[in-house]
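# Summary of structural features
The lines below spell out each chain.
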Amino acid sequence: MPEPRQTSARPPSLGARALSAAALPIAPLFGVSLAYLAFHPRRREQREHPRDHGLPCTELKVPFAARKHLDAWLCPGSPEKVVVLGHSMATAKDHSLRHAKFLHDAGYTVCLFDHRNHGASSDDRALFGLGDRFASDVTAVVSHLRGRRGYGGARIAFYGFSFSCFSSMWALTHDGFELDALVCDSGPGHDVPPLLRKFLEAEALPLPAVLKGEPARSVVARTLCAVGPAMLRAQWPPPATGKFAKIPLLFMSGEHDAIVPPSSVDALAERYAQAETHVLPGAEHLLGLETDPEGYASVVLDFLERALG
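Each value, and the rule that gives it
Residues numbered from 1 in each chain as written. Predicted model: local features only at pLDDT ≥ 70, side-chain atom pairs only at ≥ 80, totals over all residues. Heavy atoms only, no water. Helix = DSSP H or I, 4+ residues; strand = E, 2+ residues; numbered from the N terminus. Rg over C-alpha atoms; globule rule 2.2 N^0.38 Å. Buried < 20%, exposed > 50% of the residue type's maximum accessible area, 1.4 Å probe, protein only. Contact = heavy atoms within 4.5 Å. UniProt positions renumbered as here; feature names shortened; annotations may be inferred. Pairing = 2+ DSSP bridges. Axes fitted to C-alpha atoms, helices over the stretch in contact; angles between N-to-C directions. Expected span 1.5 Å × (residues − 1). Core = buried A, V, L, I, M, F, W, Y, C linked by side-chain atoms within 4.5 Å.

## Concerning the overall build of the protein
- Of regular secondary structure, the protein possesses 11 helices and 8 strands.
- Computed over C-alpha atoms, the radius of gyration of the protein comes to 20 Å, within 12% of the 19 Å expected from 2.2 N^0.38 for 309 residues, which places it in the range of a compact globule.
- When its C-alpha atoms are laid out on the principal axes, the protein stretches across 65 × 45 × 40 Å.
- Out of the 309 residues belonging to the protein, those deemed buried represent 51%.
- Intrachain contacts of the protein at a sequence separation of at least 6 include 79% that bridge at least 24 residues.

This is how it looks when you write it as C-alpha cells:
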C-alpha cells in the first residue's frame, strides 16, 4: 500500500476548477469503478517465495467454488500451533513472508494464502455480498488445514493485515467457525466509509487528474464511500457477544498510520472484552515490522504464547 502523499496547499486555478466541474457527469461512474477495483484489483506477479526466506513449503489449492481455488503456501512447524496469514488490499501472500519467517523461526506452522481476486487465487467477479465472500476465504483455509492437512487438534490463530483484518473478524460471525486467537495489523477500524476515503487520499486508488480537483473529487469520494460498503453488505462492526466475548484479540496500529489511524482501531477494540491494543511507535500503515523488527515481533510472539498456550 503506498504511503500517503502530501498535497499542495496552493488553491486550484480557475481553469482547473472549470475542468473539474466539466467532469462532474463522469465522477459518480468513476466512484463506482473505484469501489469495484478496490475488491477486484489488477493482478501483479508475486515477487518472493518461501524458499527465498529459507522456509519449507508445500503449495496448496483450497477450493472455494466449482473450479475455483485459493492459492496457499503451507510452511510446517509445530503440529499443535498454527498461524494463518492474510494480506493487505491489492497485494498477495508474498507480502506477508517476513512475518511468516519470524513466526516459523519461533516454531509455529505457518500458512499464507491469497484472497480471491488476489495473487494466484481464482477470480470472483461478484458485485455484492463481498464481505461474506472474503470471510469465507478465511474459513475455507482454516477448515482445509483442520480437515485435510492433519491440524484438526491444533490451536489456530489468524493474522490479518489491513483488508484481511476485516475479513477475519467478519469470518467469526459465520456459524460453526472458530479460531483460538486473532492478530490484526493496521486495522480493522470502527467505520468503513472513512477508511475508503483515506485510501483515496493516500492515492492507493487511481484517480485521473481531471477528477483530482473540486468539485469532482468530492463526488467520486462520496460515491466510493457509499458503494464500497454496499458491495460488502456486512453490518460493521461485528457484535461484541458470543465468540467475540471470548476470543483473544490483538490490534496493532502504527503511530503515524494515515489510513487506519490508532483512534479508529481503539474505538473498535473497546467493544471487545478480550481485546488488547498496541500502538507501534513511529510506524506508518503496515510498516510496523519494517520500522522496529525486534519490538514488533516481540509483541506478536508474546501475545500468541499467551493466547495459544
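Now that the structure has been shown, we can carry on.
## Regarding the UniProt feature "domain: Serine aminopeptidase S33" (unreviewed entry) in the protein
- Mapped onto this numbering, the UniProt entry gives "domain: Serine aminopeptidase S33" (unreviewed entry) at residues 78-202.
- Secondary structure within residues 78-202 divides into 37% helix and 21% strand; the distance between the first and last C-alpha atoms comes to 40 Å.

## Structural notes on the sheet that holds strand S2 (residues 68-75)
- Reading across the sheet, the 8 strands line up as S1-S2-S4-S3-S5-S6-S7-S8 and stay open at both edges, with mixed pairing between neighbours. If you trace the sheet from one side to the other, it starts and ends with strand S1 (58-65) and strand S8 (275-280), each paired once. When the angles between neighbouring strand axes are averaged without regard to direction, this sheet yields 20°.
- Of the strand pairs in this sheet, strand S5 (residues 155-161) and strand S6 (residues 181-185) are connected by 5 bridges, and their pairing is parallel. In the sheet register, tyrosine 159 faces S6, and the bridge partner there is valine 183.
- This element, helix H3 (residues 97-105), spans S2, strand S3 (78-85), strand S4 (108-113), S5 and S6 of the sheet and lies at about 165° to S4.
- The sheet contacts of helix H5 (residues 163-171) involve S5, S6 and strand S7 (249-254), and relative to S5 the element is tilted by about 140°.

## Regarding helix H2 (residues 27-39)
- For H2, spanning 13 residues, the distance from its first C-alpha to its last is 19 Å, which sits close to the expected 18 Å at 1.5 Å a residue.
- Looking only at H2, the buried set comprises Ala27, Gly31, Leu34, Ala35, Leu37, Ala38 and Phe39.
- Residues of H2 that are buried in the fold lie against helix H4 (130-148), helix H6 (193-201), helix H7 (209-212) and helix H8 (216-232).

## As for the UniProt feature "transmembrane region" (unreviewed entry) in the protein
- Listed under "transmembrane region" (unreviewed entry) in the UniProt record, and renumbered for this structure, are residues 20-39 and 156-173.
- Note that residues 20-39 is 80% helix and 0% strand, and that its end C-alpha atoms are spaced 26 Å apart.
- In the segment residues 156-173, helix accounts for 50% and strand for 33%; the C-alpha atoms at its two ends are 17 Å apart.

## Thoughts on the nonpolar core
- Ranked by size, the top nonpolar core spans 69 residues in total, and within it Val84 and Leu145 carry the most contacts.
- Leu112, Ala181, Leu286 and Leu304 belong to the second largest nonpolar core, which has 31 residues in total.

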